[in-house]
Amino acid sequence: MVGTAADVSRWIRAFQAEIAEHRDRLTELDAAIGDADHGTNMDRGMRAVVAKLDGDVGYAVAGGAANSAAGEDIGSLLKTVGMTLVSTVGGASGPLYGTLFLRMATAASGRSELDAEGWAAAWAAAVAGVQARGKAEPGDKTMVDALLPACAAFAAVAGRGGSAAQGWHAAAVAARAGVKATVPMVARKGRASYLGERSAGHQDPGATSSYLLIECGAEVLGAAVARAGHGTAANQ
Amino acid sequence: MKKLINAPEDVVREELEGIALAHSDLVRVSLDPYMVVRVDAPVQGKVGLVSGGGSGHEPMHGGFVGVGMLDAACPGEIFTSPTPDQILAATKAVDGGAGVLHIVKNYTGDILNFEMGAELAREEGIEVEAVVIDDDVAVKDSLYTAGRRGVGATVLAEKLCGAAAEKGQALKEVADICRHADDFGRSMGMALTSCVTPSAGRATFELGDDEMEIGIGIHGEPGRERMKLAPAHEIVEILAGALVEDLPFRSGDDVLAFVNGLGGTPLIELYIVYRELHQFLAARGITITRNLIGSYITSLEMAGCSITLLKMDYDLTRLWDDPVKTAGLRWGA
């Protein structure tokens, strides 16, 4: 078993911890070019997500085995994440991250595990959803600038028969480069766009949180899959 | 920074509890999810009007719920959009079978959340139309920004649409009036001091004692220009000049003049602004036929004002004069 619902649950929990740790940093980035609430809003939303997962049978123990039927469906887990974010984050990030997870949920619906191709397809659906919702193009200085290169990198690894772990790591590297590339960009979407040229020189907060999401996936799912690849238990 | 609150995280909930206690004759308040709903909603056969946005702009929007104005308001956290589940719940609560109009200010978060809320409501079989208000001339409207922000014209649109819905006009007609108010309304604001969000506890932006920000947004977004503080008549010339040039308003036009305080400016100063505005417009052959003066769309404790001009005609004037009975706006009822 590789990339199971229990692994996905651990990824989401790791993302929550990462958001909590970087909350003030995200808010500072947002204060420079936006409205200084990205860290606070994402932190509130991810705490609600983890509380929701704790309340659902099968996801109760971080990293624990998924015993119930509901616990094995990655799609239903991701749907819970998406719906909770939509109802708790607010701002632009709520609908955008909500849409990301809801589209990923649809792509993973009924699946108890995802391989490299499965993840690549899920990411493609997720990023297409974010673009359709927010209507941002690459270069607009948004989360798309981290997500789109990550998605392409994952697809490239899957396309040449690489493992999911390799896909996640390639995605994280691409997302990191994508975030750095937002620094000189002039914002064309969201509140930062009102600053015009003055938005250049600042790293985009949405792209930064998107990078954290993928980086957590590389650490948790990349490792889980890598361990399975070496013949050790992935689903501990 | 001093604030009259208990705890930053309780501000919105406690404000809503206060509204519920104060205005139970006008509204019902829900705390989960947050909404302020007209006490007799849904009114059968009447178009329902829903608006919403981040808190911190009071009395907008919760103070405009009642007879002749909104049927429901969805308050978000301070300066943070409401969420789709709130918007869905409010839409369901006010649907009297004639459809529901969403009045949305042009901010990315508001747009995205109202879009998702409308999609969810349509899936439940409710007819929903949305009109986006973007009247702030301070923002260059181009492909390279999120577009003009929704400010003062929102208050006027909510009043006019509320009157039309009360008269029994259909969803499409009420939506057309909303679009008309947006098309013929223009606003611009200026700040003397910054606002302070309760969670941040410090000024959103720095402004020197001898400076002002022209074209400020209602969340403290930067404006067109930072200038040395000037007398009221020069400030009005800058703001009104930009509005008149933008539409443009011409000699012979009748207008509704809305002088709005941003939260920290006393009425005595707003009347001085109105005096200057009256003289500025009169000199250009523009007649103020209706006015609204006071703090209706605020930015917490920000000192400063905004001016909104709406070109008036016979039908709009009738709608404006119709009775309204809300916590924030009340006449004829």
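Residues numbered from 1 in each chain as written. Chains lettered and ligands numbered in written order. Predicted model: local features only at pLDDT ≥ 70, side-chain atom pairs only at ≥ 80, totals over all residues.

1. A closer look at the interface of chain B and chain A
Quick note on the threshold: Distance between backbone-placed C-beta atoms decides contact: two residues are in contact if it is within 7 Å. Numbered from the N terminus, helices here are DSSP runs of H or I no shorter than four residues, and strands are runs of E no shorter than two. Nonpolar residues are Ala, Val, Leu, Ile, Met, Phe, Trp, Tyr, Cys and Pro. Charged residues are Asp, Glu, Lys and Arg, and all others, Gly as well, are polar.
Each side of the interface is counted separately: chain B has 24 residues, and chain A has 23 residues. Of all elements in the fold, only strand S4 (72-78), helix H2 (84-94) and helix H3 (108-123) of chain B reach the threshold of two or more residues within the side of chain B that touches chain A. When its residues are assigned to classes, the side of chain B that touches chain A shows ten nonpolar, eleven polar and three charged.

2. Focus: the sheet that holds strand S6 (residues 128-133) of chain B
All names here are of chain B. Note the following rule: Any two strands are treated as partners once DSSP identifies two or more bridges connecting them. Throughout, an axis means a line fitted to C-alpha atoms (over the contacting stretch in the case of helices), and angles, computed between N-to-C directions, take values from 0 to 180 degrees.
With mixed pairing, six strands are arranged side by side in an open sheet as S1-S2-S4-S3-S5-S6. Two strands in the sheet have a free side with no partner beyond their single neighbour: strand S1 (27-31) and S6. For this sheet the average axis-to-axis angle between neighbouring strands, irrespective of direction, equals 20 degrees. Bridge analysis of strand S5 (residues 100-105) against S6 gives six bridges, and the strand direction is parallel. The residue of S6 that forms the bridge with Lys105 is Ile133. Set on the sheet, helix H4 (residues 153-166) makes contact with strand S3 (48-55), S5 and S6; between it and S5 the angle comes to about 170 degrees. On top of the sheet, helix H5 (residues 171-183) reaches S5 and S6; it is set at about 5 degrees to S6, its chief contact.

3. Digging into the environment of Val11 of chain B
Counting through the fold element by element, Val11 of chain B comes out in helix H1 (residues 11-22). When residues no more than four places from it in sequence are discounted, the contact partners of Val11 of chain B are Ile5, Ile78 and Pro198 of chain B.

4. Looking at helix H2 (residues 23-33) of chain A
Going by this rule: The burial label depends on the number of other C-beta atoms within 10 Å of a residue's C-beta. Counts of 20 or more mean buried, 12 or fewer mean exposed, and intermediate counts mean partly exposed, with C-beta atoms placed from the backbone. It is the directions from the helix axis to the C-beta atoms that the arc portrays.
Turning to H2 of chain A, its buried residues are Leu26, Thr27, Leu29, Asp30 and Ile33 of chain A. Looking straight down H2 of chain A, one finds that the buried residues subtend no more than 160 degrees of arc, so they occupy a single side.

5. Remarks on the sheet that holds strand S11 (residues 287-294) of chain B
Residues and elements named next belong to chain B. Strand order in the open sheet formed by six strands is S9-S8-S7-S12-S10-S11, with mixed pairing between adjacent strands. The open sheet has two free edges, formed respectively by strand S9 (225-228) and S11, since each of these has just one partner strand. Averaged over all pairs of adjacent strands, the angle between their axes in this sheet comes to 20 degrees, without regard to strand direction. Contacting strand S7 (185-191), strand S10 (254-261) and strand S12 (304-311), H4 runs over the sheet at an angle of about 45 degrees to S12.

6. Overview of the domain arrangement of chain B
All names here are of chain B. Filter applied, for reference: Here the bounds of each domain stem from an automatic or database domain assignment.
If you check the domain split of chain B, you get domain 1 (8-184 + 321-331) and domain 2 (185-313). Measuring from the centre of the C-alpha atoms in domain 1 to the corresponding centre in domain 2 gives 23 Å. Across the boundary between the two partners, domain 1 contributes 24 residues, which contact 30 residues of domain 2. Going through the elements one at a time, H4 and H5 are the ones with two or more residues in the side of domain 1 that touches domain 2. Ranked by residues supplied to the side of domain 1 that touches domain 2, first place goes to H4 with four residues. Considered class by class, the residues forming the side of domain 1 that touches domain 2 number 14 nonpolar, five polar and five charged.

7. Describing the environment of Thr145 of chain B
With respect to the helices, strands and loops of the structure, Thr145 of chain B is situated in the loop between S6 and H4. Classification of Thr145 of chain B as buried rests on a count of 20 C-beta atoms within 10 Å.

8. Regarding unusual backbone geometry
Omega for the peptide link from Asp32 of chain B to Pro33 of chain B comes to -5 degrees, which places this bond in the cis form. Assignment of secondary structure puts Pro33 of chain B in the loop between S1 and strand S2 (34-38). Note the cis peptide between Ala41 of chain B and Pro42 of chain B, where omega equals -5 degrees. Its place among the elements puts Pro42 of chain B in the loop between S2 and S3. For Lys141 of chain A, which is not glycine, the phi torsion reads 70 degrees and is therefore positive. Within the secondary structure, Lys141 of chain A is located in the loop between helix H7 (116-134) and helix H8 (144-159). Its 28 C-beta neighbours within 10 Å are what place Lys141 of chain A among the buried residues. Positive phi outside glycine occurs at Leu300 of chain B, with the angle close to 55 degrees. Structurally, Leu300 of chain B can be placed in the loop between S11 and S12. Residue class for Leu300 of chain B comes out buried when judged on the 23 C-beta atoms lying within 10 Å of it.

9. Considerations on the packing of H2 of chain A against helix H3 (residues 38-55) of chain A
Residue and element names in this part refer to chain A. The following threshold applies: Roughly parallel refers to an angle under 35 degrees, roughly antiparallel to one over 145, roughly perpendicular to one between 65 and 115, and oblique to any angle outside these ranges.
H3 packs onto H2 with a crossing angle of 140 degrees between their chain directions and a minimal axis gap of 6 Å. In this view, H2 runs oblique relative to H3, as classed from their interaxial angle. Across the interface between the two elements, Arg23, Asp24, Arg25, Leu26, Thr27 and Asp30 of H2 pack against His38, Gly39, Thr40, Met42 and Asp43 of H3. Its residues assigned to classes, the contact of H2 with H3 shows two nonpolar, four polar and five charged.

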